[in-house]
Amino acid sequence: MFLLEGIIPFLFPGRWRGIFDRICRLRDGQIRFLGLGAVVVGFALLWLAPL
């Protein structure tokens, strides 16, 4: 997981800083919605992954 999360800041530090700054300016409800979306996508990937 750390490998995947580290690729964008490593390759595009300026763009990553801009995205992170925009995320910090979101309202709590918007951040919760993004988190919920990430949870749903994660469960879908686990469900679709072969055992």
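Residues numbered from 1 in each chain as written. Predicted model: local features only at pLDDT ≥ 70, side-chain atom pairs only at ≥ 80, totals over all residues. Heavy atoms only, no water.

Can you tell me about the overall build of the protein chain, naming the residues and giving the values?
Secondary structure summary: the protein chain contains three helices and zero strands in total. Secondary structure elements of the protein chain, listed N to C terminal, follow the sequence α-α-α. The principal-axis extent of the C-alpha atoms belonging to the protein chain is close to 40 × 30 × 10 Å. Across the 51 residues that make up the protein chain, the buried fraction comes to 0%. (Helix = DSSP H or I, 4+ residues; strand = E, 2+ residues; numbered from the N terminus. Buried < 20%, exposed > 50% of the residue type's maximum accessible area, 1.4 Å probe, protein only.)

Break down the layout of surface pockets for me, with residues and values.
One water molecule sets the probe size; rolling that probe over the atoms shows where empty space is left. When its volume is computed, the largest pocket comes out at roughly 160 Å³. Lining the largest pocket, in full, are L4, E5, I8, P9, W16, I19, F20 and I23. Elements represented by at least two residues in the lining of the largest pocket include exactly α1 (2-11) and α2 (13-24). For the lining of the largest pocket, a count of residues per class yields seven nonpolar, no polar and one charged. (1 Å grid on protein atoms, 1.4 Å probe; cavity = no way out; pocket = protein on both sides within 12 Å on 5 of 7 lines; lining within 4 Å. Points joined across faces, edges and corners; volume = space filled by probe spheres on them. Nonpolar A, V, L, I, M, F, W, Y, C, P; charged D, E, K, R; others polar.)

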